Amino acid sequence: MNASTAVPDGGKARLLRRWWFWLPLVLCLVAGAWLGLKYSTTGKRADLAAGYIAHVVCSCRYVGNRDMPSCLTDREPGTEIVRIADDIEKRRVTASVPLLASRIATFDPEYGCALDKP
């Protein structure tokens, strides 16, 4: 590295000050975009899809006594983005859309599967 390409110490401090200016601004923009998406129609649809899939898969698993690969065939087209986690010990299914929504359906022997409050 020669002397013409080296950044003087004053340049490093100026570069650091720029980062401290831009970093909070970028974080605020990202947080604002996420909040806007979460509470938009898309976020509401994600919450609805997560709740629907959690209830359908819970009913399939614990009311219908079917295995998980069989229950995955009951999903509607367009709900492929919803992730499913099955907790066999607690008899509950968690469905989530990454970064937007998550819903849990729990099995009760008397009442079947019910969604927890969001």
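Numbers given to residues run from 1 along each chain, matching the order in which its sequence is written. Residues qualify for local features only when their pLDDT is at least 70, as the model is predicted, and side-chain atom pairs are given and counted only at 80 or more; totals for whole chains, interfaces and linings, by contrast, use all residues. To get the side-chain values, take all heavy atoms of the structure and skip hydrogens and water.

1. Quick notes on the overall build of the protein chain
In this description a helix means any DSSP run of H or I spanning at least four residues, a strand means any run of E spanning at least two, and both kinds are numbered starting from the N terminus. When helices and strands are counted, the protein chain shows three helices and four strands. Secondary structure of the protein chain in N-to-C order comes out as α-α-α-β-β-β-β. Within the protein chain, the fraction of its 118 residues that count as buried is 23%. Note on definitions: a residue-residue contact is assigned when non-hydrogen atoms from the two residues lie within 4.5 Å. Contacts in the protein chain between residues at least 24 apart in sequence constitute 42% of all its contacts with a sequence separation of at least 6. Whether a residue is buried, partly exposed or exposed follows from its accessible area with a 1.4 Å probe, protein chains only, as a fraction of its type maximum: under 20%, in between, or over 50%, in that order.

2. Remarks on the packing of aromatic side chains
Here a pair means two rings of Phe, Tyr or Trp (six-membered ring of Trp) with centres within 6.5 Å. Their orientation is stacked below 30 degrees between planes, edge-to-face above 60, and tilted elsewhere. Within this structure, the stated rule accounts for one aromatic pair. Here, over-ring charges are defined by two tests on the NZ atom of lysine or the CZ atom of arginine: distance to the ring centre within 6 Å, and angle to the ring normal within 35 degrees. Across from the ring centre of Tyr62, 5.5 Å away, lies the NZ or CZ of Arg61, which sits over that ring.

3. Re the state of the cysteines
In this description, a disulfide is simply a cysteine sulfur pair whose atoms lie within 2.5 Å. If you walk through the whole model with that rule in mind, you get two disulfides. Across a sulfur-sulfur distance of 2.1 Å, Cys58 and Cys113 are joined as a disulfide pair. One disulfide, between Cys58 and Cys113, carries an S-S torsion of -80° and so falls in the left-handed class. Of this pair, Cys58 sits in helix H2 (residues 41–63) while Cys113 sits in strand E4 (residues 112–115), and the two are 55 residues apart along the sequence.

4. Looking at the nonpolar core
Burial of nonpolar side chains together is a common tendency in soluble globular proteins. Note on terminology: a nonpolar core comprises buried Ala, Val, Leu, Ile, Met, Phe, Trp, Tyr and Cys residues joined through side-chain atoms within 4.5 Å. Core analysis: the largest hydrophobic core is formed by 20 residues, its most contacted members being Cys58, Val82 and Ala95. Elements supplying a minimum of two residues to this core: H2, helix H3 (68–72), strand E2 (92–97) and strand E3 (101–108). By residue number, the principal contributor to this core is H2, which donates nine residues. Every residue in contact with Cys58, bar those within four places of it in the chain, is listed here: Val63, Val93, Ala105, Thr106, Phe107 and Cys113.

5. Digging into the environment of Thr106
As for its position among the elements, Thr106 is in strand E3. Those residues in contact with Thr106, other than ones at most four positions away along the chain, are Cys58, Lys90, Arg91, Arg92, Gly112, Cys113, Ala114 and Asp116. Polar contacts here mean pairs of N or O atoms no more than 3.5 Å apart (in protein, one a potential hydrogen donor and the other a potential acceptor; neighbouring residues in sequence count only if both atoms are side-chain atoms). Within the local environment of Thr106, its side chain forms a polar contact with the side chain of Asp116, the two groups lying 3.5 Å apart.

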